[in-house]
Amino acid sequence: MRRFLKIVFFYIPLYFVLFSLLVTLIYKWVPVCYTPLMLWRACEFRNDPAFETHKKWVPLREISPELPLAVVASEDNLFLEHSGFDFRQIRQALEEAEDGHRLRGASTISQQTAKNVFLWSGRSWVRKGLEAYFTVLIELIWGKERIMEVYLNVVEMGKGIYGAEAAAEQMFGITAKQLDRHRSALIAASLPNPLVRRANAPTSYMKRRAAHIEWLMERVEWHTNGSKE
């Protein structure tokens, strides 16, 4: 019994920590080729003959700086300032829930990246705990620029479309490098629900949301290699 408890409470957690550290270190330099969400979608749409997975990894320098600026403006205004968690937004979401509103997400780009790369979708406390753990790891090991690079290469941007390059090609017939401010804002506006909201066929709501994101883009910061864009 003591041996069993030692395995459960010591060796398994130890091996998990060592393995997660190794994988996180590898992904600091190696492109993330596949994610749990991509596998889930492939299974979800396995009976749809028209479904295809479109994904092409490109370095951050090959993505228009308008797109990271747009997702910071839309998803995470304090991305450059926080250490992975926006506690102000978390507190505000909890206060809104206490007032009877539906509990909304308050995930940062770092948290979304950790979830997309390492975890499954869901709202369980176990998954949220692991999300927090991996968020701390990528903040410490990757840094902001790498987090943004990974995020923009793996985030779901449409049905079977993952990452900036695939989105630019499939939706607009251009490369990610050629995305202008308006198209970047439309992509950012679609991210909360990219299976329903299509950046290349925006609804009136999406157009208003994109216009607001463009306004916010004038007021937030994003920079790479130490230079502000």
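In this report, we go over the structure that sits alongside the text. (Residues numbered from 1 in each chain as written. Predicted model: local features only at pLDDT ≥ 70, side-chain atom pairs only at ≥ 80, totals over all residues. Heavy atoms only, no water.)

1. A short note on the overall build of the protein
- Per the secondary structure count, the protein includes ten helices and five strands.
- When the 229 residues of the protein are sorted by exposure, 42% land in the buried category.
- If you take every contact in the protein between residues at least 6 apart in sequence, the share linking residues at least 24 apart comes to 71%.
- Surface summary for the protein: the accessible area is close to 13,000 Å², and the carbon and sulfur share equals 58%. (Helix = DSSP H or I, 4+ residues; strand = E, 2+ residues; numbered from the N terminus. Buried < 20%, exposed > 50% of the residue type's maximum accessible area, 1.4 Å probe, protein only. Contact = heavy atoms within 4.5 Å. Areas by Shrake-Rupley, 256 points an atom, 1.4 Å probe, with all protein chains shown as cover.)

2. What about the environment of arginine 183?
- By secondary structure assignment, the location of arginine 183 is in helix H9 (residues 181–190).
- By relative accessible area, arginine 183 is classed as partly exposed at 29%.
- In contact with arginine 183, not counting residues within four places along its chain, are Phe172 and Ile174.

3. Regarding the packing of helix H5 (residues 109–118) against helix H7 (residues 144–154)
- In the contact formed by H5 and H7, the axes pass within 9 Å of each other and the chain directions differ by 55 degrees. On the basis of the axis angle, H5 is oblique to H7. Handedness of the H5/H7 crossing: left-handed. For the pair H5 and H7, the contacting residues are Ile109, Ser110, Gln112, Thr113, Asn116 and Val117 in the first and Lys144, Ile147, Met148, Val150, Tyr151 and Val154 in the second.
- Classifying every residue of the contact of H5 with H7 gives seven nonpolar, four polar and one charged. (Axes fitted to C-alpha atoms, helices over the stretch in contact; angles between N-to-C directions. Parallel < 35°, antiparallel > 145°, perpendicular 65-115°, else oblique. Left-handed = near helix turned anticlockwise from the far one by under 90°. Nonpolar A, V, L, I, M, F, W, Y, C, P; charged D, E, K, R; others polar.)

4. Regarding the sheet that holds strand E1 (residues 54–55)
- With mixed pairing, the three strands of this open sheet are ordered in space as E1-E3-E2. Each end of this open sheet is capped by a strand with a single partner; those strands are E1 and strand E2 (156–158).
- Where E2 meets strand E3 (residues 161–162), two bridges bridge the pair, whose relative direction is antiparallel. Its bridge partner being in E3, glycine 158 is matched across the sheet by isoleucine 161. (Pairing = 2+ DSSP bridges.)

5. Considering the packing of helix H3 (residues 66–75) against helix H10 (residues 204–217)
- For the pair H3 and H10, interaxial distance at closest approach is 9 Å and the crossing angle is 105 degrees. Classified by the interaxial angle, the pair formed by H3 and H10 is roughly perpendicular. Contacts from Glu66, Leu69, Ala70, Ala73 and Ser74 of H3 reach H10 at Arg209, Ile213, Leu216 and Met217.
- Looking at side-chain class alone, the contact of H3 with H10 contains six nonpolar, one polar and two charged residues.

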